[in-house]
Amino acid sequence: MTTTRDWNGRSYDRISEFMEQLGRDVLDRLVLTGDETVLDAGCGTGRVTQALIERLPRGHVIGVDGSADMIAVAAERLPEETELHVQDLCELDVGRQVDAILSTATFHWIADHDRLFAALHTALKPGGRLVAQCGGVGNVDAVHAAAAQVGARGPYREHLAGWRGPWNFSTPADAERRLRAAGFTDVSAWVTERPARPEEPLEYLSTIVLGAHLERLPAALRDAFVDDVATALRGEDGHVTIDYVRLNLDAAKRPPSGSPSARGGH
Ligand SMILES: C[S@@+](CC[C@H](N)C(=O)[O-])C[C@H]1O[C@@H](n2cnc3c(N)ncnc32)[C@H](O)[C@@H]1O
């Protein structure tokens, strides 16, 4: 495992329909002719990767993820010719440069965005593009506030009180600055609010949003913790809302000098 937390691939694959919807909207921003080589950075179990493959009938897709469990499920889902690697994105190396990088719901799990963006920049061909979305500033604030309140009491306290978690929920300005520092041009970052109401809130919280919290708790306390956080979050209508705020990132690697776009195009 090369991620900050462990992932349950089977459960994630089953309940991540909302993540796939978010991912498909991000994919729509990536203009493709169909013959490119595109890397899905943090491909998880491959639901969004599969949509990417459909847009590349003459192209090639490389999926990279730090979790062997996620990649094992992706390998079952995706066509055999899909290239999959278990790798830390901060040390990304797939042996060649790619035309574009797509990434969804991943960068906020990586603390060091300077290292991450430098590795992504190196992996792109000159003229290549990065299109990504992750949690941004304010993402799951209400869920984390509820988890902090619950975690400050009773048996959870000794495991969670004062813990700040592994997340990096960046502002657009900070992300743009770091992307430029890594060498990217045509940089643009913005946030969008995308609240979700999962059909199976307990499994959704356990597998996705509270997974890092649960790793700090003894197994015997985990279900009760998720129940308590869900109760704190439940509205009058009985639903649990996950207050997603997504940070969108578009950027390009400078094209080779002398090419039309290097002479003032976009
Ligand atoms: C919420 S899932 C997103 C999966 C997929 N992109 C989607 O949209 O459904 C986050 C993924 O990021 C991966 N990840 C987190 N940190 C990573 C790192 N440092 N290197 C590679 N993958 C990482 C996790 O293993 C996990 O599969």
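Cut-offs applied
- Residues numbered from 1 in each chain as written.
- Predicted model: local features only at pLDDT ≥ 70, side-chain atom pairs only at ≥ 80, totals over all residues.
- Heavy atoms only, no water.
- Core = buried A, V, L, I, M, F, W, Y, C linked by side-chain atoms within 4.5 Å.
- Buried < 20%, exposed > 50% of the residue type's maximum accessible area, 1.4 Å probe, protein only.
- Helix = DSSP H or I, 4+ residues; strand = E, 2+ residues; numbered from the N terminus.
- Contact = heavy atoms within 4.5 Å.
- Pairing = 2+ DSSP bridges.
- Axes fitted to C-alpha atoms, helices over the stretch in contact; angles between N-to-C directions.
- Phe/Tyr/Trp six-rings, centres within 6.5 Å; stacked < 30°, edge-to-face > 60°.
- Right-handed = clockwise from strand over helix to strand, strands pointing away.

Draft legend 1. Looking closely at the nonpolar core. Grouped together as the largest cluster of nonpolar side chains are 35 residues, with contacts concentrated most on Y204, L205, V209, F225, I242 and Y244. Secondary structure elements with two or more residues in this core: α1 (9-15), α2 (17-27), α6 (141-151), α9 (201-209), α10 (211-216) and α11 (219-233). At 6 residues, α11 tops the list of elements feeding residues into this core. Excluding residues within four positions of it along the chain, F225 makes contact with A147, V150, G151, Y156, L160, L210, H213, L214 and L217. By size, the runner-up hydrophobic cluster in this structure holds 30 residues, among which are V94, I101, I110 and A251.

Draft legend 2. Representation of the sheet that holds strand β2 (residues 60-65) within the structure. The strand order β3-β2-β1-β4-β5-β7-β6 describes an open sheet built from 7 strands, whose pairing is mixed. Every other strand in the sheet has two partners, leaving β3 (83-86) and β6 (184-193) as the edge strands with one partner each. Averaged over all pairs of adjacent strands, the angle between their axes in this sheet comes to 15 degrees, without regard to strand direction. Looking at chain direction, strand β5 (residues 124-135) and strand β7 (residues 245-253) are connected through 7 bridges and run antiparallel.

Draft legend 3. View of the packing of aromatic side chains. All chains considered together, the criterion is met by 8 aromatic pairs. Ring centres 5.5 Å apart and planes at 65 degrees place the aromatic pair W163 and W167 in the edge-to-face group. Ring pairs connect the aromatic residues W7, Y12, W109, W163, W167 and F169, which therefore count as one cluster.

Draft legend 4. Expanded view of the pairing of strand β1 (residues 37-41). Counting buried residues in β1 gives 5 out of 5 residues, a clear majority hidden from the surface. Taking every second residue as pointing to the same face, both faces of β1 are buried, with T37, L39 and A41 on one and V38 and D40 on the other. Inspection of the sheet shows β1 paired to β2 by 5 bridges, in the parallel sense. Each residue of the ladder has a partner; that of L39, found in β2, is I62. For the segment spanning β1, helix α3 (residues 47-54) and β2, crossover handedness is right-handed. The pairing of β1 with strand β4 (residues 98-104) spans 3 bridges and is classified as parallel. By the bridge assignment for β4, D40 is matched with L102.

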